[in-house]
Amino acid sequence: MLARMLQNEFRRKKGITLTLFMFVLLAAILVASGTRMIMELSTSIQHLFTESKTPHVVQMHSGELDRNKVSQWTQANDLVAQHQIVDMINVDGSHVYFGAESEKGSIMDMDFVVQNKDFDYLLNMNNEIIQVNEGEIAVPVYYLQEKQLQLGDSVVIQDGSFNRSYRIVDFVRDAQMNPSIIHSKRFVISPQDFQMLKQRTGETEYLIEFRLVDPNKTNEFIQTYQNADLPNSGPLVTYSLFQLLNALTDGVVAAVIIMVSLILIVIAVCCIRFTMLATIEEDYREISVMKAIGVSGRDIRTLYLSKYVVIAGLACIVGYLSSIYVNRLFTSNIMLYMGSAPATWLNEALSLFAVITIFAIVLGCCILVLRRFNQISAIEGLRSGSLGDTDVSTRKLSLSNSRWSRSVPVFLALQDVIQRKRLYRLLLLVFTVSSLIIIVPVNFLNTLRSPSFISYMGVGQSDIRIDLRYSEDVEQRYAELLEHVRTDSDVLRYSPLVTTQFNVRNNEGGYDQISVETGDFSIFPLSYLSGLAPKTDNEIALSDANSRELDKKVGDSIVLMVEDREKTMVVSGIYQDVTNGGKTAKALLPYDKNRVLWYVVSLDLKDASQITDKIAAYEQAFSPAKVTDLQGYLHQTLGGTIDQLKRVTIAVLVVAVLVSILITSLFLRMLVAKDHGDIAILRSLGFALSNIRLKYVMITLIVLGIGVLAGTILANTAGPLLISAIMSSFGASHMEFVINPLQAYILCPLLLASAITIAALLSIQSIREASIVKMIVE
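What counts and how
- Residues numbered from 1 in each chain as written.
- Predicted model: local features only at pLDDT ≥ 70, side-chain atom pairs only at ≥ 80, totals over all residues.
- Heavy atoms only, no water.
- Helix = DSSP H or I, 4+ residues; strand = E, 2+ residues; numbered from the N terminus.
- Buried < 20%, exposed > 50% of the residue type's maximum accessible area, 1.4 Å probe, protein only.
- Contact = heavy atoms within 4.5 Å.
- Areas by Shrake-Rupley, 256 points an atom, 1.4 Å probe, with all protein chains shown as cover.
- Salt bridge = Lys/Arg side-chain N within 4 Å of Asp/Glu carboxyl O.
- pLDDT = per-residue confidence, 0-100.
- Patch = residues over 30% accessible without salt bridge, like charges linked within 9 Å, V, L, I, M, F, W, Y side chains within 5 Å.
- Lys, Arg positive; Asp, Glu negative; His and termini not counted.
- Charge placed at Lys NZ, Arg CZ, Asp CG, Glu CD.
- Disulfide = S-S within 2.5 Å.

> How should I be thinking about the overall build of the protein chain in this particular structure?
For the protein chain, the count of helices and strands is 22 helices and 20 strands. Out of the 778 residues belonging to the protein chain, those deemed buried represent 56%. In the protein chain, the share of contacts with a sequence separation of at least 24, taken over all contacts with a separation of at least 6, comes to 81%. Approximately 33,200 Å² of the protein chain is accessible, and the part contributed by carbon and sulfur atoms is 55%.

> Help me out: how do you make sense of the pattern of salt bridges in this one?
Pairing between side chains of opposite charge can happen when their charged atoms approach one another. One pass over the full model with this rule turns up 17 salt bridges. The residue Glu-566 makes a salt bridge to Arg-505 at a minimum N-O spacing of 2.7 Å. Taken together, the positions of Glu-566 in strand β17 (residues 565-575) and Arg-505 in strand β12 (residues 491-505) put the pair 61 residues apart, joining distant regions of the chain. Residue Glu-566 is classed as partly exposed on the basis of its relative accessible area, which comes to 47%. The partly exposed category is assigned to Arg-505, whose relative accessible area is 34%. Lys-586 is paired through a salt bridge with Glu-517; the nearest N and O atoms lie 2.5 Å apart. With a gap of 69 residues between them, Lys-586 in strand β18 (residues 584-587) and Glu-517 in strand β13 (residues 511-519) connect regions that are remote in the sequence.

> Please clarify how the environment of Leu-762 should be interpreted in this entry.
Tracing the sequence through the fold places Leu-762 in helix α21 (residues 741-763). Classification of Leu-762 as exposed rests on a relative accessible area of 61%. Remark: the alpha-carbon pair of Leu-762 and Ser-665, spanning 97 residues in sequence, is separated by 7.9 Å.

> What is the right way to read the confidence of the model for the protein chain from this model?
Low-confidence regions, as indicated by low pLDDT, have predicted coordinates that should not be scrutinised in detail. Looking at the protein chain as a whole, the pLDDT averages 80, with 86% of positions reaching at least 70. Within the protein chain, helix α22 (residues 772-777) has the poorest average pLDDT of any element, 46, and strand β5 (residues 136-140) the best, 94. Low confidence marks residues 772-778, where pLDDT is under 50. Its contacts with residues over four positions away, or in another chain, come to eight contacts.

> Where do I start with a negative patch on the surface in this structure?
Taken together, the side chains of Glu-64, Glu-472, Asp-473 and Glu-480 define an acidic patch exposed on the protein surface. Locating Glu-64 in the fold gives a position in the loop between β1 (57-62) and α3 (67-75).

> When you look at the state of the cysteines in this model, what are you seeing that I'm missing?
Here a disulfide denotes a covalent bond joining the sulfur atom of one cysteine to the sulfur atom of another. Counted according to the given criterion, the structure contains zero disulfides. For the unlinked cysteine Cys-365, the closest cysteine sulfur is that of Cys-366, found at 5.9 Å.

Pasting the structure below:
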């Protein structure tokens, strides 16, 4: 009997049933996809690190290297399980060709290596150890994505009389240097080609790598290494930092999806409530009849609950299965850069648990709403045919006012919203949240694409940035570059900056390494979270990540080793930096030329239209310097993140519009059912159907207008806080949106209004059936 009643119920109310099914399906897909993406990101990183045997500590070094000294020290250190020294030939991008043009405009350092023997393996697209023969090359997966390369394509190195072509036989997944935010990439060549390359071009750099007996003792090992006077002319990087940098691109995207999923769950509760109230309103007389003939309230609740259990159960099952395919859209970048880890029961279990949670929320909401059956009286229901619980305000507008007399439907709509504001508050909440989840991703995407985002990378905004990496004659090249910039009549202002490694005393009394940039920070200033840029040689500004790790704030002091002596520095300011794990600093200090990491010259031109020509001129004059405009610098660093976020933004936009359409349809069905008698009276008074339709469309648009306004305010206040919480792990704890007013305040609301207007017109077709005659007969 129950099955037959359910079948009749589904057949009779196909529209509402399908609408609810689609909404729960959307919620299940998004929640399952977000959860699965987080799990796949975590397991893929772990699998990549396991297969490659990623080192726990890597000391990068440029210059002369005493291998025996490192080996002897390592053999005597009980913390070390394995160690190796990796030789890399750094070839300037202007000498590397993937096609007709060189990579002279690339900010990436191109390092050519042979496959490692003991650990830190470079893997192919199947996460297998790469092996290449003479004349072959394996290219980083970054270039597969950026240059659309294919197996069999050629890579040419041309430096003066040296010209060598390599055939691409594989693509490299590199646990250390995978993500675009790391500006170094390793190419794998054969030992024979490596020796030839070493003799003919490039500069040799080194990775001094260690795997520890106990990875939990990484900090202890680092302090021991730094106190041993071993090679350290370069950054020191740890296993945890490798994990963080690999997770950055897709982690931000996954966090945005999860954030939207949580908001969507809130809307889900509203949707279920709307649906059930609409159903109860439409079935009020039938429910009263069932009560009158002796059907118990418990049996009636079971009938309705069974219906929603079946709908929600089927939607969650289909949503879970669909998320497996939809998830490929969000995880394509993870699969490309890290590959797929072997499937485990935990991955699927967590996704399934997320979907079961959606089902439980739906079920709980149904149980709460069905308590209303206790309020239904058989006599009152048969008499009025309405639940009659709408809170009606006594406030009224005057129709005699000439402003309203010209547009009665608009007046009636506004009057209805004012008098029954409690009825519309849930619709208002949905429109507000829909506006929020549309505008926040759009604003975040525009922020990442804006040149001003460079300030979150610890870099002042300028027209051109020139980077000089280590080479034997780098000091001479740097001096020549400064002299040329100083005498260039096209340059408006410039700022030379030098980044050097210093030792800083940590909270345990030992010393850690810190990258400190020195120079004049007033020329291209940063925006500081607190405090100011350093102005004297005993002041230092810390990145947000460093200030939290060292537990320092503005006014606190830290101790640096400067020229082999301890120097107390006062923290003058805190800024944001998402590069190098966010662990940088700025100070006006003398630097040791042997510990310089890189030189940078930033400059502004008098005529910004000359940027392209000036970049070409500086590239030719100071090759192998890396000369980029900031837009190109951002694209090469965050291009993958921006592309991923663009796809997520489109998906979120579609979901928000669909949700708004569904909610509007459900709400108006409920409202028309509730107002059946009032509509009949209006028609008997001579109101045209078009005017009555206009009234309900205007009700929807009035609520939408208020919702969009509230959503916009929240997007500009709470939105940056939500994104800052996501980005805080990467060194940016305070984000300010760069807003495109046309997109955020015109196009997005217009799209929402158009969709909702169409949904409103389609949802109120039942007003044709309302008439005084039918009301009297009923």
